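Reading the structure
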Amino acid sequence: MSVPAVALTATSPRRPWLGFALATVALWGVWGALSPLSAEHGFPDTLVYGVWALTMIPPALYILWRRGWQLERSPRAIAYGMTIGLLGAGGQMLLFHTLTIGPAYFVFPIISLSPVVTIALSFLFLRERTGWMGTAGIVLALVALPMLDLSFGRSADGGLGWFLQSLLIMLAWGLQAYFMRLANDTVRAESIFFYMTVGALLLVPVALAMTDWSQPVNMGLDGPWMTAGIQVLNAIGALTLVYAFRHGKAIVVAPLTNAGAPLVTAVLSLIFASVVPGPLKMVGLVLALIASLLLVLEPERDPPAPLP
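So, here is what we can say about the structure in this document.

Conventions used here
Residues numbered from 1 in each chain as written. Predicted model: local features only at pLDDT ≥ 70, side-chain atom pairs only at ≥ 80, totals over all residues. Heavy atoms only, no water. Phe/Tyr/Trp six-rings, centres within 6.5 Å; stacked < 30°, edge-to-face > 60°. Helix = DSSP H or I, 4+ residues; strand = E, 2+ residues; numbered from the N terminus. Buried < 20%, exposed > 50% of the residue type's maximum accessible area, 1.4 Å probe, protein only. Expected span 1.5 Å × (residues − 1). Contact = heavy atoms within 4.5 Å. Salt bridge = Lys/Arg side-chain N within 4 Å of Asp/Glu carboxyl O. Core = buried A, V, L, I, M, F, W, Y, C linked by side-chain atoms within 4.5 Å.

1. Here's the deal with the packing of aromatic side chains
Considering all chains together, one arrives at seven aromatic pairs under this definition. Ring plane angle 25° and centroid distance 5.3 Å describe the contact between Phe 20 and Tyr 243, whose orientation is recorded as stacked. With Phe 20 in helix H2 (residues 16-34) and Tyr 243 in helix H13 (residues 221-247), this pair connects stretches of sequence that are 223 residues apart. The exposure class assigned to Phe 20 is buried, which follows from its relative accessible area of 18%. Tyr 243 gets classed as buried once you look at its relative accessible area, which sits at 15%. Here the aromatic rings of Phe 194 and Tyr 195 are separated by 5.4 Å at their centres, their planes lie at 80°, and the arrangement is edge-to-face. Here Tyr 195 falls in the buried class, since its relative accessible area comes to 7%. One aromatic cluster in this structure is built from Tyr 49, Trp 52 and Phe 96.

2. What about helix H11 (residues 189-202)?
For an α-helix, the turn length of 3.6 residues means that residues three or four places apart are oriented alike. Here H11 is 14 residues long and its end C-alpha atoms lie 20 Å apart, about the 20 Å a rise of 1.5 Å per residue gives. Most of H11 sits inside the fold, with ten of its 14 residues counted as buried. Buried within H11 we find Ala 189, Glu 190, Ser 191, Ile 192, Phe 193, Tyr 195, Met 196, Thr 197, Gly 199 and Ala 200. Packing partners of the buried residues in H11 comprise helix H4 (45-55), helix H5 (57-66), helix H6 (75-101), helix H10 (161-183), helix H12 (204-210) and H13.

3. Describing the pattern of salt bridges
All told, the structure shown has four salt bridges when counted by the stated rule. Its salt-bridge partner being Arg 67, residue Glu 190 comes within 3.9 Å of it at the nearest N-O pair. One end of the pair, Glu 190, is in helix H11; the other, Arg 67, is in the loop between H5 and H6, and 123 residues separate them in sequence. Take Glu 190: its relative accessible area is 9%, and that puts it in the buried class. For Arg 67, a relative accessible area of 33% puts it in the partly exposed group. Among the ionic pairs, Asp 185 bridges to Arg 181, the shortest N-O distance being 3.0 Å.

4. A closer look at the nonpolar core
One finds Tyr 49, Phe 193, Met 196 and Phe 245 to be the most contacted residues of the largest nonpolar core, which totals 52 residues. Top contributing element to this core by residue count: H13, with eight residues. Apart from the residues lying within four places of it in its own chain, the contact partners of Met 196 are Met 56, Gly 81, Ile 84, Gly 85, Gln 176, Met 180 and Val 242. Of all hydrophobic cores here, the second largest spans twelve residues; its members include Leu 263, Leu 285, Leu 287 and Ala 291.

As structure tokens, then:
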């Protein structure tokens, strides 16, 4: 999708959430295709986290500038923003350790089901509903996600610890998306993203402590600088996701972005890296494509009246 198309859709008065959601899909899809380059060039994942946290700063400052530096300082705004930031960043930090003790081909399918948590909480507490097309899209997306994230590789046997940690990551990211939607009812998106950035930066020392400094680290142009260029796509995608949750339902935005981004990554890998997915992943790609179309085509419905 071209940038003008995203911009036009994002400013549409009818469905503003769709443009931001599709922008997230495009940004995260390209980011997913490029992100393995950092490790391939000798830049460890823990330092990638630190670079990613730093790339959150420019978009956070930009949107605050656009709002005239009006940062909300209420306890509610700080609590929501920090909770969202620490849930996302904490899940990412835990993922580093989980992949060292558990098989990636089991870990990623488990954590890819985080929209289940978001959908369940939004259905129960936010009273979000959708029609038959949206429901079918949600179901297909949840079926496709584990297939898309299957990556058969070797890893150490860490007992059941990796399984429990995978569940914690799934829970953390599912809660993050739910709180992102909940916070947007009372807190401006700019403030939410700013405190998300602060939360991510707070865990940078932990990432540095987890780094194996006995191994050589590439500090050249294809090390931290290339990583920054890749990770800024992730950071901007996180920003557009906040706006998507501001204008759209969590039960639609969460499965659409979580299924759409791996779909874009797989297509790009197929085109540029000549990586042909296996049969199971091909089925997942088809299901993700159908799910994305159903979620996009689902007609808008008026939100239910608030509880007395």
